[in-house]
Every structure is written in structure tokens, then in C-alpha cells.
Amino acid sequence: MGAFVISKRFNDEYKFVFTSRKGKIIFTSLSYELNFECQEDIEKLKEDIVSADFLKFKTSGGKFFFKLMFRGSHFATSRKYTTALMLEKGVKEIVLYASKAEILDFSVDQFVFDDW
């Protein structure tokens, strides 16, 4: 099963990626100013993944990618795939597993050290 992984960008905005069962990034979200906005959008996507649209593109270099459109807005962009078949497998993984995927939040400091 895949996972949504929340992290911080270098500019202190938040983003999430959806990873495959094998841990490979399938898509990366747009930026969010606040962590809870990121979490809310993940939950909305999980609840209604069947309404998402996948616009497919081919780069000038021959790679394939998609833009995930959700509720009429650009939501995320996929990684680049070498073949159209691999792109289709990525889309299929999202449709099958996104609703059941766990959310991992790595945007907060994981460790708190007291004075020793």
C-alpha cells in the first residue's frame, strides 16, 4: 500500500508526495503555507479519489508525466516516466491505493532533546 508523506520545502512551505508500495515517489503536491491545509487536502483526495482526473503529457525529451487535477484545480504533478505503460501503472496505483494510504508527517521535528 502507498503512503502520503508530508515534508517541508526549503522555503518552509509544506508539500506531500504519494509513494508507491515500493517507496518510489509517484507524484508531488503543490506547496502549502500551513501543515493542516496539506493534511486536509490529503484527506479530501483520499475520500474522493475516483473524481480525480489525470492529464497526461510527454516532454520534448520523450518522458511521460501527468498532472493530477482534483475538483477542477491542478493538485499535483507526477514524476517523469520512461514509457506510457509505466505512467499508466503509476495512475493505477493511485486509484487503487490512495484511499487506504497512511499519512506520514515528517515536517515536524521528530526529536526533542532536554538539557542533559
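Worth saying up front: this structure is predicted, and the values here are computed from it rather than measured. Throughout, a residue's number is its position along its own chain's written sequence, starting from 1. Thresholds applied to this predicted model are a pLDDT of at least 70 for local features of residues and 80 or more for the giving and counting of side-chain atom pairs; totals over whole chains, interfaces and linings are not thresholded and use all residues. The basis for every side-chain value is the complete set of heavy atoms in the structure, and neither hydrogens nor water enter the calculation.

### Points about the confidence of the model for the protein chain
Going by this rule: The predictor reports its confidence for every residue as pLDDT, a score running from 0 up to 100. Secondary structure counts use DSSP, requiring at least four H or I residues in a row for a helix and at least two E residues in a row for a strand, with both numbered from the N terminus.
Per-residue confidence for the protein chain averages 91 on the pLDDT scale, and 93% of its residues sit at or above 70. Mean pLDDT per element in the protein chain: strand β7 (residues 102-105) is the minimum at 93, and strand β4 (residues 53-58) is the maximum at 97.

### Quick look at helix α2 (residues 84-97)
For an α-helix the count is 3.6 residues per turn, leaving residues at separations of three or four pointing the same way. The cut-off we apply is this: Expected helix span is computed as 1.5 Å times (number of residues minus one). Each residue is placed in one exposure class: buried if its accessible area under a 1.4 Å probe, protein chains only, is under 20% of its type's maximum, exposed if it is over 50%, and partly exposed if it falls in between. This arc is taken over the directions from the axis of the helix to the C-beta atoms. Contacts: residue pairs with any heavy atoms within 4.5 Å of one another.
In this model, α2 (14 residues) spans 20 Å end to end at C-alpha, consistent with the 20 Å of a helix rising 1.5 Å per residue. When α2 is considered as a whole, its buried residues turn out to be Leu-87, Gly-90, Val-91, Glu-93 and Ile-94. Each buried residue of α2 lies within a common arc of 155° when the element is viewed along its axis, so the set occupies one face. In α2, the exposed residues that point more than 90 degrees away from the buried face are Leu-85 and Lys-92. Against the buried residues of α2 lie β2 (14-19), β3 (25-29), β4 and β5 (64-70).

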